[in-house]
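Architecture and fold: a report
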Amino acid sequence: MNLYPWQQNEWQQLQNYIQQNRVPQALLINGALGIGKQHLAEQFAYALLCEHPKNGGFSCGECSSCLLLKADTHPDFMDIKPEEIGKNITIAQIRNLMEKLSLKPQFERYRVVLIHPADALNNAAANAFLKYLEEPTERTILILVTHRMNKLPATIKSRCQKFTMAMPEKSLVLQWLSQKTANSEIVLNLAQGSPLLAQKYATDEHLTQRRDCFGEFLAVANQKNHPVIIAEKWLKLPEATLLFWISSWVIDLMRYRHQSSPKNLYHADFKRELSELSSRVNPLKLYEFYDLLLQSRQRIETQINKQVLWEEILIAWAILNRS
Ligand SMILES: [Zn+2]
């Protein structure tokens, strides 16, 4: 597969750069998480390096340049990423890169540096990088990829050509997802429109975990399980995901308060339980509870004791259901 189905327009824009011979020296590809930015950036890099691009501008996969790429030994392609996932790109990595870039490209075509995620450049690395951007070497294209533009220094952003990938069209994504899972609508809602995240949710434990948690959430509402016990169980789950689930259950409940059969539910597969629950909760109390969840979104980023956080939320939820 050369591209995801929602990337045709963006690919054409990148091709225009090549055809019009105005490929930016530093291109900053940005957009939401899980829409295939990295994939598009790689395809573009390969196309820049290929000696005989195919129709549509894709790399041929057969020329000497493409073969070197496949073997991970292309001297004019540099892939810069954190040495460990979640860590920074270090000043040592950037110094090493700068040393290589001070030499001429080995081949006649472009030299390409891919930096991802660009927001992982630490301050020192970003400064070293900035110096290079002021005096870049010939035929060298830097491609930076990020889904967190706000974490990138303004000085770097201002020296790059920004290339923003839009959120893909839902119908295209659903068509693509439905070939992979029967739960395409649900996982896409849970992934808030992000196709690759939705695909991940369809294949990992996500849906089962969500169902289990929802069962526990209901058990607390029905006084069949104790908030403190459930809070302890929830410690092993990813916090942001869990908080999103709870918030979206509450949003779905609010939707049920306003309409008898609301559309666009986050959790359409929990319809029966949600509808039943919504008929007996106090709407004002539900808004208060939602406020608590919004505050928790900020607290989750701090060093707060997570057991205490889940206890607070679940106790408030239990009280709400008793009143
Ligand atoms: Zn090729």
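To keep things clear, this report deals only with the structure shown in the data block.

Conventions used here
Residues numbered from 1 in each chain as written. Predicted model: local features only at pLDDT ≥ 70, side-chain atom pairs only at ≥ 80, totals over all residues. Helix = DSSP H or I, 4+ residues; strand = E, 2+ residues; numbered from the N terminus. Buried ≥ 20, exposed ≤ 12 C-beta atoms within 10 Å, placed from the backbone. Contact = placed C-beta atoms within 7 Å. Expected span 1.5 Å × (residues − 1). Pairing = 2+ DSSP bridges. Axes fitted to C-alpha atoms, helices over the stretch in contact; angles between N-to-C directions. Parallel < 35°, antiparallel > 145°, perpendicular 65-115°, else oblique. Nonpolar A, V, L, I, M, F, W, Y, C, P; charged D, E, K, R; others polar. Left-handed = near helix turned anticlockwise from the far one by under 90°.

Examining the overall build of the protein
Assigned secondary structure in the protein consists of 15 helices and five strands. In terms of its C-alpha atoms, the protein occupies a principal-axis envelope of roughly 75 × 40 × 30 Å. The buried share of the protein, taken over its 323 residues, is 31%. Expressed as a percentage of contacts within the protein between residues at least 6 apart in sequence, the contacts between residues at least 24 apart total 69%.

Things to note about helix 1 (residues 8-19)
In an α-helix, one turn spans 3.6 residues; hence positions three or four apart end up facing the same way. Between the first and last C-alpha of helix 1 there are 16 Å, a value that for twelve residues agrees with the 16 Å anticipated at 1.5 Å per step. Of the residues one or two after helix 1, Asn21 is the one with positive phi, at around 55°.

Examining the sheet that holds strand 1 (residues 26-30)
Strands pair in a sheet through their backbones, by hydrogen bonds, and they do so in one of two ways: parallel or antiparallel. Strand order in this open sheet of five strands is 2-3-4-1-5, and the pairing throughout is parallel. Pairing within the sheet leaves two strands with one partner each, and these edge strands are strand 2 (77-80) and strand 5 (161-164). Going from strand to strand, the sheet's axes swing by 20° on average, the running direction of each strand aside. Of the strand pairs in this sheet, strand 1 and strand 5 are connected by four bridges, and their pairing is parallel. Paired with Ile29 across the bridge in strand 5 is Phe163. Packing against the sheet, helix 4 (residues 91-101) makes contact with strand 2, strand 3 (111-115) and strand 4 (140-146), and its axis sits at approximately 170° to strand 2.

Digging into the packing of helix 14 (residues 283-299) against helix 15 (residues 306-322)
Orientation of helix 14 relative to helix 15, taken along the N-to-C sense of each, is 175°, at an axis distance of 10 Å. Taken together, the axis directions place helix 14 and helix 15 in an arrangement best described as roughly antiparallel. Together, Lys285, Phe289, Leu292, Leu293, Ser296 and Arg299 of helix 14 and Leu309, Ile313, Ala316, Trp317 and Leu320 of helix 15 make up the contact between the two elements. Tallied by class, residues from the contact of helix 14 with helix 15 come to eight nonpolar, one polar and two charged.

Considerations on the packing of helix 7 (residues 170-178) against helix 9 (residues 195-203)
Relative to each other, helix 7 and helix 9 sit at 30°, their axes nearing to 11 Å. With respect to their mutual orientation, helix 7 and helix 9 come out roughly parallel. At the point where helix 7 passes helix 9, the crossing takes the right-handed sense. On helix 9, the residues touching Val173, Trp176 and Leu177 of helix 7 are Pro195, Ala198 and Gln199. When grouped by side-chain class, the residues that make up the contact of helix 7 with helix 9 number five nonpolar, one polar and no charged.

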